[in-house]
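Summary of structural features
As a plain string of letters, each chain reads:
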Amino acid sequence: MSDANCIFLRDCASDTTAEGIPKIILTKSLIGRILWLIAYLLSWGTFLYLLSQMITTFYAYPTTISLGFTSGTGSAEFPSVTVCNMNKVSKTKLLSSASVYELSELDDYVWSLIQSEAEATYDTDLGDLTCSSGSFSCDSGATCIPSYFVCDGTDDCTDATDEQGCTYATTAEPSGQTTVDYTAQSWWSDFEFSQFYGIDSSDWKSLLLASNKEDYSDLTSYATMSRSEVEEMGTAIDDFIVQCSFDGVDCTNSEFLQFQDDVYGNCYTYNHNSSNIITTSRSGADYGLKLTLFLDVDDYIGLLSHTAGAVVVVHPPMIDPLPDVNGIFSYPGTSTLISSHKVA
């Protein structure tokens, strides 16, 4: 290389701001120049490798999710828990009631009709019907009717044996005009109960005959009982809740508040006292409220309860649980786990 070229390279090396190049050119030792050249090339190689990695990562559009877990050491308020048996009233208790005992007999009557229809439709022999003590067995053996159906002037047995040998009392026709409350009639029509207009809610036979539903589900909305009757004949807490524990400690039935629901009868609420809210610091299936419920399915009134099971509602204390709206169904022979968390 000519002296002029060497001088030009030295001048460039002295003026350049690039790291490494001045050392490569101005170092007098050959070995030193070679070492600086190797370091310079390695630096560029590393830079180009990292640059390619960054470009590749950028166009891969990765997503990073950061998760954190905070374990609290304090206590949290436990919600109220309401449980109801889907059986509004007990069939056994109905038999001892002077006002609505006919409903139990009527339930047997409807069941006998369903059984007879099943035998006729599917050509299946379900066996002879066994009528309860308060029912009348038709001579045909295919139907049980309530005892108060006998000698009422209507053939309820297909063989008319319920009207044989009867003596009917005669009553005088009422005189004068009959006043019809059209306002009340309009009200029933508005609520789709026009077929029940003029029928006493305790006249179960007339209600049954007026029903428009195959499962008589419209009776549950019309034929109602008083709160005191439901309280007396509904599911008792000692018969319903057979085991109770909270956070591993046994609780008693006296800790529940009883109230009457229009759909499910007697219901029971745990942790109902706003001045003494229960708290818990534990979570999981082994803690919280654990209940064992006895449903007594054989004691159901099918006309009023079309499904067997329990209704559970988790709700804030002192708030109406509304079981028919917010209820979670738990069916016989099953274990139901319900978990919840409080939203701030």
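Summary of the structure given here. Since this is a predicted model, take the numbers as computed values, not measurements. (Residues numbered from 1 in each chain as written. Predicted model: local features only at pLDDT ≥ 70, side-chain atom pairs only at ≥ 80, totals over all residues. Heavy atoms only, no water.)

1. Quick look at the pairing of strand β2 (residues 80-85)
For β2, the buried fraction is high: six of the six residues fall into the buried class. Burial along β2 is two-sided: the face carrying Ser80, Thr82 and Cys84 and the face carrying Val81, Val83 and Asn85 are both buried. One ladder, built from six bridges, connects β2 with strand β11 (residues 310-315); its direction is antiparallel. Counterpart to Cys84 in the pairing with β11 is Val311. In the sheet, β2 pairs with strand β8 (residues 265-270) via four bridges, with the strands oriented antiparallel. Bridge assignment links Cys84 to a residue of β8, and that residue is Cys267. (Buried < 20%, exposed > 50% of the residue type's maximum accessible area, 1.4 Å probe, protein only. Helix = DSSP H or I, 4+ residues; strand = E, 2+ residues; numbered from the N terminus. Pairing = 2+ DSSP bridges.)

2. Comments concerning helix α3 (residues 30-60)
End to end, α3 covers 45 Å across 31 residues, agreeing with the expected 45 Å (1.5 Å per residue, within 8%). Positive backbone phi, at 50 degrees, marks Tyr61, one or two positions downstream of α3. (Expected span 1.5 Å × (residues − 1).)

3. Some points on the sheet that holds strand β6 (residues 249-250)
Ordered by their spatial adjacency, three strands build an open sheet running β6-β5-β10, and the pairing between neighbours is antiparallel. Looking along the sheet, the strands with just one partner apiece sit at the ends: β6 and β10 (289-293). Judged from the two bridges that link them, strand β5 (residues 241-246) and β6 form a sheet pairing that is antiparallel. Across the sheet, Phe246 pairs through a bridge with Val249, a residue of β6.

4. Quick notes on the packing of aromatic side chains
For the structure shown, the criterion picks out seven aromatic pairs. Look at Phe78 and Phe246: their rings are 4.8 Å apart centre to centre, the planes differ by 80 degrees, and that puts the pair in the edge-to-face class. Taken together, the positions of Phe78 in the loop between β1 (76-77) and β2 and Phe246 in strand β5 put the pair 168 residues apart, joining distant regions of the chain. A relative accessible area of 13% means that Phe78 is categorised as buried. Among the residues examined, Phe246 registers a relative accessible area of 10% and is labelled buried. With centroids separated by 6.4 Å and ring planes inclined at 40 degrees, the aromatic side chains of Phe240 and Tyr268 adopt a geometry described as tilted. Taken together, the residues Phe240 in helix α10 (residues 237-240) and Tyr268 in strand β8 connect sequence positions 28 residues apart. Neither Phe240 nor Tyr268 differs from the other in exposure class; each is buried. An aromatic cluster of three or more residues is present, and its members are Phe78, Phe246, Phe256 and Tyr270. (Phe/Tyr/Trp six-rings, centres within 6.5 Å; stacked < 30°, edge-to-face > 60°.)

5. Side note on the environment of Ser245
Inspection of the secondary structure assignment puts Ser245 in strand β5. Put simply, Ser245 and Leu291 are 46 residues apart on the chain and 6.8 Å apart in space, counted from C-alpha to C-alpha. Other than its neighbours up to four places away in sequence, Ser245 contacts Asp250, Cys251, Gly288, Leu289 and Lys290. (Contact = heavy atoms within 4.5 Å.)

6. Quick word on the side chain of Thr161
Within the fold, Thr161 resides in the loop between β4 (144-146) and α6 (182-190). Here Asp159 takes part through its side chain, which lies 2.9 Å from a polar atom of the side chain of Thr161. Apart from the residues lying within four places of it in its own chain, the contact partners of Thr161 are Phe136, Cys138 and Asp139. (Polar contact = N/O pair within 3.5 Å; in protein donor to acceptor, adjacent residues only side chain to side chain.)

7. With respect to the state of the cysteines
Under the criterion given, the structure shown has four disulfides. Disulfide pairing places Cys244 opposite Cys251 at an S-S distance of 1.6 Å. One quick way to see it: the torsion about the S-S bond of Cys244 and Cys251 is about -90 degrees, and its sign makes the bridge left-handed. For the pair formed by Cys244 and Cys251, the shared burial category is buried. (Disulfide = S-S within 2.5 Å.)

8. What to know about a nonpolar patch on the surface
Residues Trp44, Phe47, Leu48, Leu51, Ile55, Phe58, Tyr59 and Tyr61 make up a contiguous nonpolar surface patch of about 920 Å² in total accessible area. Mapped onto the elements of the fold, Phe58 is located in helix α3. (Patch = residues over 30% accessible without salt bridge, like charges linked within 9 Å, V, L, I, M, F, W, Y side chains within 5 Å. Areas by Shrake-Rupley, 256 points an atom, 1.4 Å probe, with all protein chains shown as cover. Salt bridge = Lys/Arg side-chain N within 4 Å of Asp/Glu carboxyl O.)

9. Details of the sheet that holds strand β12 (residues 328-330)
Hydrogen bonds between backbone groups are what pair the strands of a sheet, and the pairing can be parallel or antiparallel. Reading across the sheet, the five strands line up as β7-β8-β2-β11-β12 and stay open at both edges, with antiparallel pairing between neighbours. Only two strands of the sheet have a single partner each, and these edge strands are β7 (256-261) and β12. Sheet twist, expressed as the average angle between the axes of neighbouring strands with direction ignored, equals 25 degrees. (Axes fitted to C-alpha atoms, helices over the stretch in contact; angles between N-to-C directions.)

10. Here's the deal with the nonpolar core
Counting 24 residues, the largest nonpolar core has Phe240, Ile241, Phe256, Tyr268 and Leu289 as the members making the most contacts within it. Listing elements by their share of this core, those giving two or more residues are β2, α10, β5, β7, β8 and β11. Looking at this core element by element, the count peaks at four residues for β11. Residues contacting Phe240, with those up to four places away along its chain left out, are Val83, Cys84, Asn85, Thr235, Tyr268, Thr292, Leu293, Phe294, Leu295 and Ala310. If you look at the next biggest cluster of nonpolar residues, it comprises 22 residues, including Tyr109, Leu207, Leu219 and Val230. (Core = buried A, V, L, I, M, F, W, Y, C linked by side-chain atoms within 4.5 Å.)

Geometric values such as these leave the question of function open.
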